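Next come the chains, spelled out residue by residue.
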Amino acid sequence: MEYKIIAPKGTDIDTLASRRVLPPFAEPVLAFVDAVSARILKDPRFKQYPELMAMAFWMRRGNIVKLKADFESKRGSRAWLGRGVVFHIAPANVDTIFVYSWFLSMLVGNINIVRVSSQADEQLDILLGVINEIARESTHTEVRDRFAIVRYEHNDEITGYFSSLCHTRVIWGGDETIRKIRAVALGPSATELVFADKFSFALVGARGFLDHDNKDRLIEQFYNDSYWFNQKACSSPRMVVWVGEESTVNDARGVFWSLLETLAEKKRLGFAPALAINKLIAECSVAIGAKDLVTIERHRTSLVNRVILQSAADINRELQCGGGLFYELRIDSLDRLADIVRDKDQTIVTCGINRADLADFVRTTRPAGVSRIVPFGEALTFSAVWDGYDLLREFCREVDITVR
Amino acid sequence: MTLDELLGVGPYSLPRREKQALLVEHLNALTAHHAARCRPYRRILDAYGYRDKGLSWAAVEEMPYLPIGLFKEFALKSIPDGDVIKTLTSSGTTGQKVSRIFLDKETSRRQTRALSAIMQDFIGGKRLPMLIIDTPNVIKDRTLFSARGAGILGLSNFGRDHLYVLDDHMRLKVDDLKKFLLAHPDEPILLFGFTFMVWQHFYEELKATSADIDLTRGVLIHSGGWKKLTDKSVDNAAFKKALRAVCGITRIHNFYGMVEQIGSIYMEGDSGYFQTPVFSDIIIRDPYDWSVLPAGREGVIELVSILPLSYPGHALLTEDLGRVVGEDDSPDGRRGKYFEVLGRVPKAEIRGCSDTYAEEAAARGV
C-alpha cells in the first residue's frame, strides 16, 4: 500500500487517528489558520493566484470569528463535538477546495486526513510548503498532531484503509469519482458528504441591467465568476438566463456581451488554442443535439462563444468544455425559471433582480436544485454552507444531554 | 472543370487564380450537397445562420468548416447506411474516441483517383516492386480499417509483388528482403511505411544487424507524424541522412494527410515542404479569432478538399499547427501552396471541480 504523507513531515496515521478531538474553535486552531492566512497574503509567490488570495482572505481571523459567532448562535446550549477523523478526498483541479474542507473540519476540532491529487501542480506545492513550515513551529503542535495530507494515485486499498479509520468521509470532485469511491466501504457508523457534478448559471433582469449605472463593474464581476477557473469550477456560470421582453433582452444582450468581450480581450486569462477548438466542437455538438433550432452567435474573438437556446430542454449540462462558452435563454418573467431549474443546478449569480422576488420564487416554486443565489462577483466565493450542507454542523455530532 | 477533368490536368498544374475559382465552385456545391443530405451538418449551418444567407461564398476562406473533433462525437454521413462500403477510423490510443469516416463507392473512387494522380507525379505511372515496412497483420480485418491499414492498402495500389518486410513480431525479414532485391535487380523500388515504424523497425534494425542492403534505387514514401521521433530528437533532415547512410536511399518523401480526408494527401516536394494538389488546399487560421493568417505565420491548419461526397468533410479545422511557406513558386516547379506542419495544438490545462478520476486516468494514459 503506497501513499505518501506530504504534510506534516513524520506523521503516523495510526497515532493520529487515536487522538482526541479538540473543542470547536479552539485557540490553537484559530492561531494556525490565521498564520496560514497571514503567510499567503504576505508571500509574493501567491500574488499570481487570485483564488488563493481569496482563500487567504476568507481565513482571516476577522472572518473566522464571524463563523464562530454564527456556529455558537446555532448551537445554543447544546453539546456539539467534532466527529473524530474526517477523510477528505479533494478534487484534482481546484487546489483551494482541500483547504476549505480541511479547515472547516479542523475548526470544529476534528482530526483530518486529506487526499490531494497525484498530479503535479506548482500552486499546490507552494501551498503545501507553507503549510509544512507553519506546522513545524512549536506553537502549532496541537494542530500538527491532528492532520495528514496524503497523496496517492487512486487506489481502492488505500482509500479503503483511510475510509475504515474515519468517522466522516468527504468526496469532492464529480459524479464519476463519487461512484468509484462509494464502492469502497466506510465504517458502519461513519457519515459521508459528497459534492457531485453541478451546473451554475447567471440570471439577469434585462431592464435592471440596462438601467444599472456601473455596467463595467458588473461585467468585471461576471468575468471573474466565469473566467477565473476557466469556467470549470462547479459554481462558474455556464449559461445566462435573461428575464424580460424580447426587445429589452436584445438591447441588454448587445451591451452585455460586447462589454464582456472587450474586457476578456484586455485580460486574456487562460486563453488556449485547444480551448478555442473545444468550444467550436461543443457549440456544433449543441446545434446537432438540440431538439429546437439553436443560434450560434459568432464573436469577434475566441474568448466568448454563445449558443442561444429556444427551450430549456436543450440545456446540455454535461457538456463542459470551459473557457467561456455560454448558453442563453430568455424568459418573460421570473416564475418561468421553474421550467429551467434542475436538481443538478448549484449557483445562480444574479443582477438586475431584487432579493424579495428571488426569495418569493424559491418559496413558491420550491425548485429541486439551486443551493446558492449570489450577486455577480460572488460565484466563486466559498461559503461554509455549500451545496446545501452547513459544513461546520456536518462535521460535528451532537451529544444529547437531557439530565435536568 | 469536373473533378475527373481536373485529375487529368495534373495535380500541381494550376496557378492560384484558376485553382481558387475551381475550389470555390466545387466547395459551394459540396456544402449544398451535404446540407441537403446530412442532417447534423444542416443543423450546424442553420445555427450559424448560413442557410438563410444562401449557401454560396466568394472565397474559400469565408466558407464554413467543421472542427475535426466532431467526427469523434457524431456519425456524420451524407449517404444512406446501405451505401456505406467502408468505415475508416482514425488511429487513437486506447480509451480515446476515434473518428469514424463513412465512404461510399463514388467517394472511394475519387480518393483512389486523386491519390493516384499525386503518386504518378512523384513516382511515374508504372507500378513498381513494393516493400511495405509493416507486418501483414495490420490489414487482416478489412471491414474496419485503421488509419494504418487504410494507408497501406491505399498505397499498395501503386506497387506490385508486395513484400511486407516485418514479421508478426515486428522483426525485419532480412533474408526475404535480400531475395526480393535480387528478384528485381534493375527497377526502382517503392517503399512505404509509417514514419515511426520505418525508423524503429527498419532503420534501427538495418543499423544494428549491419545487413548489406542497397536501396539506392528506392523511393520511400512515409507518413504518420513525428511525435515519437521528436522525443528521440530525430527530425526530417536527420531521418533522411540516417536512412541514406544505412541503405543508400536518397528519394524520401514524407506526406501529411488524415483519415478524415483520405486521398487528399500532401506530399513533401523537393522544397522539403508539403505540397497542396489542385483538388485540395490549406488555410492557416489564428485560433484567437479564426482569421486567416498570411504565409509565414503559424496557426491552426484548416484543410479543404473537393473529394468527400459521402460525409461532410470538405472543409475541416484540424488540431494541427502549421504555416504556409509559399505558393506557386516551389523550386521543383509544382504549383499550389506548400507548407510545414509544426505539431499538435497543445492540450489545454484543465482546471475545475470536474472528475478527478477520469482526468487523472487520462493524464496517466489509462
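In what follows, the structure referred to is the one given above.
Here's a quick rundown of the structure. Treat the numbers as computed from the prediction; the structure is a model and nothing was measured.

### Regarding the overall build of chain B
Part 1 of the argument: For chain B, the helix and strand inventory stands at 11 helices and 15 strands.
Part 2 of the argument: Taken against the 2.2 N^0.38 rule, which gives 21 Å for 366 residues, the C-alpha radius of gyration of chain B at 21 Å falls within 12% of a compact globule.
Part 3 of the argument: Within chain B, the proportion of its 366 residues that are buried is 57%.
Part 4 of the argument: A separation threshold of at least 6 residues defines the contact pool for chain B, and within that pool the share at least 24 residues apart is 69%.
Part 5 of the argument: Within the structure as shown, chain B displays about 15500 Å² of accessible surface, and the carbon and sulfur contribution to it stands at 50%.
Part 6 of the argument: A gap of 3 Å separates the mean positions of the 47 positive and 48 negative side-chain charges of chain B.

### Thoughts on the interface of chain B and chain A
Part 1 of the argument: Facing 38 residues of chain B, the contacting portion of chain A comprises 56 residues.
Part 2 of the argument: Put simply, chain B and chain A have zero salt bridges between them.
Part 3 of the argument: Inspection of the chain B/chain A interface yields nine residue pairs in polar contact (both at pLDDT 80 or more).
Part 4 of the argument: Elements that contribute at least two residues to the side of chain B that touches chain A include exactly α3 (39–47), α4 (70–73), β14 (315–327) and α11 (356–364) of chain B.
Part 5 of the argument: Examining the composition of the side of chain B that touches chain A, we find that six residues originate from one element, α3 of chain B, more than from any other.
Part 6 of the argument: Of the residues that constitute the side of chain B that touches chain A, the class distribution is 21 nonpolar, five polar and 12 charged.

### Structural notes on the sheet that holds strand β4 (residues 111–116) of chain A
Residue and element names in this part refer to chain A.
Part 1 of the argument: Pairing in this open sheet of six strands is mixed, and the strands run β1-β5-β4-β3-β6-β7 from one edge to the other. A strand with exactly one partner marks an edge of an open sheet, and here the two such strands are β1 (4–7) and β7 (191–195). With direction set aside, neighbouring strand axes in the sheet form an average angle of 20 degrees.
Part 2 of the argument: Where strand β3 (residues 85–89) meets β4, five bridges bridge the pair, whose relative direction is parallel. Residue Ile-89 lies in a different strand from β4, and its bridge partner there is Arg-115.
Part 3 of the argument: Docked against the sheet, helix α9 (residues 175–182) engages β3, β6 (168–172) and β7, running at close to 150 degrees with respect to β6.

### Some details on unusual backbone geometry
Residue and element names in this part refer to chain A.
Part 1 of the argument: In this chain, Ala-7 is followed by Pro-8 through a cis amide linkage whose omega measures -15 degrees.
Part 2 of the argument: Position of Pro-8 relative to the elements: it lies in the loop between β1 and α1 (13–17).
Part 3 of the argument: Residue Asn-230 is not a glycine yet carries a positive backbone phi of 55 degrees.
Part 4 of the argument: Relative to the helices and strands, Asn-230 resides in the loop between α11 (215–227) and β9 (237–243).
Part 5 of the argument: Judged by relative accessible area, which is 12%, Asn-230 ranks as buried.

### Here we look at the packing of helix α2 (residues 27–42) of chain A against helix α6 (residues 122–136) of chain A
Residues and elements named next belong to chain A.
Part 1 of the argument: Packing of α2 against α6 leaves a shortest axis separation of 10 Å and a crossing angle of 135 degrees. By the angle class used here, α2 and α6 are oblique. α6 is crossed by α2, and the crossing has right-handed handedness. Along its contact with α2, which presents Phe-32, Ala-35, Val-36, Arg-39 and Ile-40, the element α6 presents Leu-127, Val-130, Ile-131, Glu-133, Ile-134 and Ala-135.
Part 2 of the argument: Here the residues of the contact of α2 with α6 are counted per class, giving nine nonpolar, no polar and two charged.

### Quick notes on a nonpolar patch on the surface
All names here are of chain A.
Part 1 of the argument: Together, Leu-81, Val-399, Ile-401 and Val-403 make up a nonpolar patch on the protein surface, roughly 360 Å² of accessible area in all.
Part 2 of the argument: Its location among the elements puts Val-403 in the segment after β17 (396–399).
Part 3 of the argument: For Val-403, a relative accessible area of 72% puts it in the exposed group.

### Some words on the pattern of salt bridges
Part 1 of the argument: Throughout the structure, instances matching the rule amount to 47 salt bridges over all chains.
Part 2 of the argument: A salt bridge links Arg-169 of chain A to Glu-192 of chain A; the shortest N-O distance between them is 2.7 Å. Placement of Arg-169 of chain A in strand β6 and of Glu-192 of chain A in strand β7 is noted, with a sequence separation of 23 residues between them.
Part 3 of the argument: We classify Arg-169 of chain A as buried; its relative accessible area is 2%.
Part 4 of the argument: With relative accessibility at 23%, the residue Glu-192 of chain A sits in the partly exposed group.
Part 5 of the argument: Residues Asp-161 of chain B and Arg-160 of chain B are paired through a salt bridge, measuring 3.0 Å at the closest nitrogen-oxygen approach.

### Describing the sheet that holds strand β8 (residues 199–205) of chain A
All names here are of chain A.
Part 1 of the argument: Read from one edge of the open sheet, seven strands run β10-β11-β12-β9-β8-β13-β14, paired in mixed fashion. Two strands in the sheet have a free side with no partner beyond their single neighbour: β10 (295–297) and β14 (372–375). Between one strand axis and the next, the sheet turns through 25 degrees on average, direction left out of account.
Part 2 of the argument: Across three bridges, β10 lies against strand β11 (residues 305–308) in antiparallel orientation. Opposite Thr-295, over in β11, you have Ile-308 as the bridge partner.

### Some remarks on the nonpolar core
Part 1 of the argument: If you look at the biggest cluster of nonpolar residues, it comprises 152 residues, and the most contacted ones within it are Leu-337 of chain A together with Phe-202 and Phe-279 of chain B.
Part 2 of the argument: Here this core gets 10 residues from one element, more than from any other, and that element is helix α13 (residues 273–289) of chain A.
Part 3 of the argument: Counting residues in hydrophobic clusters, the runner-up holds 78 residues, among them Met-53, Ala-56, Phe-98 and Phe-395 of chain A.

### Comments concerning the packing of aromatic side chains
Residues and elements named next belong to chain A.
Part 1 of the argument: As enumerated under the stated definition, the model contains 48 aromatic pairs over all chains in all.
Part 2 of the argument: Ring centres of Phe-71 and Trp-80 lie 5.4 Å apart, and the angle between their planes is 70 degrees; this geometry places the pair in the edge-to-face category. You'll find Phe-71 and Trp-80 in the same group, each marked buried.
Part 3 of the argument: Through a chain of ring-to-ring contacts, the aromatic side chains of Phe-209, Phe-222, Tyr-223, Tyr-227, Trp-242, Phe-256, Trp-257, Phe-326 and Phe-376 assemble into a single cluster.

### What about α11 of chain A?
All names here are of chain A.
Part 1 of the argument: When the terminal C-alpha atoms of α11 are compared, their 18 Å separation across 13 residues agrees well with the 18 Å that a helix rising 1.5 Å per residue should span.
Part 2 of the argument: Taken residue by residue, α11 has Lys-215, Leu-218, Ile-219, Gln-221, Phe-222, Tyr-223, Asp-225, Ser-226 and Tyr-227 as its buried positions.
Part 3 of the argument: Against β8, α10 (206–211), β9, α12 (246–267), β12 (325–331) and β13 (345–351) lie the buried residues of α11.

Reading guide: rules and limits
Residues numbered from 1 in each chain as written. Chains lettered and ligands numbered in written order. Predicted model: local features only at pLDDT ≥ 70, side-chain atom pairs only at ≥ 80, totals over all residues. Heavy atoms only, no water. Helix = DSSP H or I, 4+ residues; strand = E, 2+ residues; numbered from the N terminus. Rg over C-alpha atoms; globule rule 2.2 N^0.38 Å. Buried < 20%, exposed > 50% of the residue type's maximum accessible area, 1.4 Å probe, protein only. Contact = heavy atoms within 4.5 Å. Areas by Shrake-Rupley, 256 points an atom, 1.4 Å probe, with all protein chains shown as cover. Lys, Arg positive; Asp, Glu negative; His and termini not counted. Charge placed at Lys NZ, Arg CZ, Asp CG, Glu CD. Salt bridge = Lys/Arg side-chain N within 4 Å of Asp/Glu carboxyl O. Polar contact = N/O pair within 3.5 Å; in protein donor to acceptor, adjacent residues only side chain to side chain. Nonpolar A, V, L, I, M, F, W, Y, C, P; charged D, E, K, R; others polar. Pairing = 2+ DSSP bridges. Axes fitted to C-alpha atoms, helices over the stretch in contact; angles between N-to-C directions. Parallel < 35°, antiparallel > 145°, perpendicular 65-115°, else oblique. Left-handed = near helix turned anticlockwise from the far one by under 90°. Patch = residues over 30% accessible without salt bridge, like charges linked within 9 Å, V, L, I, M, F, W, Y side chains within 5 Å. Core = buried A, V, L, I, M, F, W, Y, C linked by side-chain atoms within 4.5 Å. Phe/Tyr/Trp six-rings, centres within 6.5 Å; stacked < 30°, edge-to-face > 60°. Expected span 1.5 Å × (residues − 1).

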